[in-house]
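Below are the chains, spelled out letter by letter.
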Amino acid sequence: MTTPTIEPATVFADAHEMYAAALERLEQDDIRDAAEKAWCAAKRATDALILAHTNVLPPRSPDTTRGLRTLAAADPAFSSLRDRYFARQAALHGDCFYTGWCEPIADTELLIRETIEYIRDAEGLARR
């Protein structure tokens with residue numbers, strides 16, 4: 001049985017689609033769903049980055065986390081992305097989506113909107 005191959009560009013496209021969905025949810029004043037979609041966008045961008053550097057698409061979130069930590073340990077250029085990944089994981093995924101604690105809303109909205117910069121930075125690091 002052959003495993004289908006997937007290109008980083010395809011996974012980055014998923015990240016961009018999730019980010020667009022996050023902005024749509026913000027327009028509908030659904031901060032909680034917007035936060036989760038932004039988190040998913042960041043995670044998919046991170047998956048694509050790891051795929052670009054290892055030829056392995058992380059199958060689960062813990063694998064994504066481990067992969068990003070490994071990249072950051074080997075090259076300091078990944079450290080900023082690692083820190084921003086954990087900020088999104090904690091604030092958007094954990095606090096806002098799971099517990100409903102999205103306050104202050106302005107800060108959560110800023111993290112959501114800045115996710116596009118995270119995606120672009122991951123794309124840049126993927127080309128290294």
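Here's a quick rundown of the structure.

## Section: helix α5 (residues 105-113)
Where α5 is concerned, the buried positions are Thr108, Leu111 and Ile112. Mapping the buried residues of α5 onto a view down its axis gives an arc of 100°, with all of them on the same face.

## Quick notes on the nonpolar core
Ranked by internal contacts, the top residues of the largest apolar core, which has 35 residues, are Phe12, Ala45, Leu49, Leu92, Ile112, Tyr118 and Ile119. Every element with two or more residues in this core is listed here: α1 (8-27), α2 (31-54), α3 (61-74), α4 (79-99), α5 and α6 (115-126). Among the elements that line this core, the one with the most residues is α2, at 12 residues. Not counting chain neighbours up to four residues away, the residues in contact with Ile119 comprise Phe12, Ala15, His16, Tyr19, Ala41 and Ala45.

## Section: the state of the cysteines
A complete count under the given rule lists one disulfide for this structure. Lacking any disulfide linkage, Cys40 is separated from the closest cysteine sulfur, that of Cys96, by 13 Å.

## Focus: the packing of α2 against α5
At a closest axis distance of 9 Å, the pairing of α2 and α5 adopts a crossing angle of 35°. Here the hand of the crossing between α2 and α5 comes out left-handed. Contacts from Ile31, Ala34, Ala35 and Ala38 in α2 reach Ile105, Thr108, Glu109 and Ile112 in α5.

## Describing α2
The terminal C-alpha atoms of α2 lie 34 Å apart, and with 24 residues this matches the ideal 34 Å at 1.5 Å per residue to within 8%. Of the residues trailing α2, Asn55 is marked for its positive phi of about 65°.

## What to know about the pattern of salt bridges
Taken as a whole, this structure holds 12 salt bridges when the rule is applied. Ionic pairing is found between Asp30 and Arg25, a salt bridge with its closest N-O pair at 3.0 Å. For Asp30, a relative accessible area of 24% gives the class partly exposed. A relative accessible area of 26% means that Arg25 is categorised as partly exposed. A salt bridge links Lys37 to Asp33, with the shortest nitrogen-to-oxygen separation between them at 3.2 Å. Highlighted residues: Lys37 and Asp33, both in helix α2, separated by four residues, approximately one helical turn.

## With respect to the side chain of Thr46
Its place among the elements puts Thr46 in helix α2. Excluding residues that lie within four positions of it along the chain, Thr46 makes contacts with Thr64, Leu68, Tyr85 and Tyr118.

## Observations concerning the side chain of Thr65
Here Thr65 shows up in helix α3. The exposure class assigned to Thr65 is buried, which follows from its relative accessible area of 14%. A polar contact is formed between the side chain of Thr65 and the side chain of Tyr85, at a distance of 3.0 Å. Residues in contact with Thr65, not counting those within four places in the same chain, are Tyr85, Phe86 and Gln89.

## A short note on unusual backbone geometry
Geometrically, the link from Glu103 to Pro104 is a cis peptide bond, its omega value of -10° lying close to zero. In the Ramachandran plot, Asp29 falls in the positive-phi region, its phi being about 60° despite a non-glycine side chain. Mapped onto the secondary structure, Asp29 falls in the loop between α1 and α2. Assessed through its relative accessible area of 71%, Asp29 is described here as exposed. A positive phi angle, near 65°, is found at Asn55, a position not held by glycine. The exposure class assigned to Asn55 is exposed, which follows from its relative accessible area of 69%.

What counts and what doesn't
Residues numbered from 1 in each chain as written. Predicted model: local features only at pLDDT ≥ 70, side-chain atom pairs only at ≥ 80, totals over all residues. Heavy atoms only, no water. Buried < 20%, exposed > 50% of the residue type's maximum accessible area, 1.4 Å probe, protein only. Helix = DSSP H or I, 4+ residues; strand = E, 2+ residues; numbered from the N terminus. Arc of directions from axis to C-beta. Core = buried A, V, L, I, M, F, W, Y, C linked by side-chain atoms within 4.5 Å. Contact = heavy atoms within 4.5 Å. Disulfide = S-S within 2.5 Å. Axes fitted to C-alpha atoms, helices over the stretch in contact; angles between N-to-C directions. Left-handed = near helix turned anticlockwise from the far one by under 90°. Expected span 1.5 Å × (residues − 1). Salt bridge = Lys/Arg side-chain N within 4 Å of Asp/Glu carboxyl O. Polar contact = N/O pair within 3.5 Å; in protein donor to acceptor, adjacent residues only side chain to side chain.

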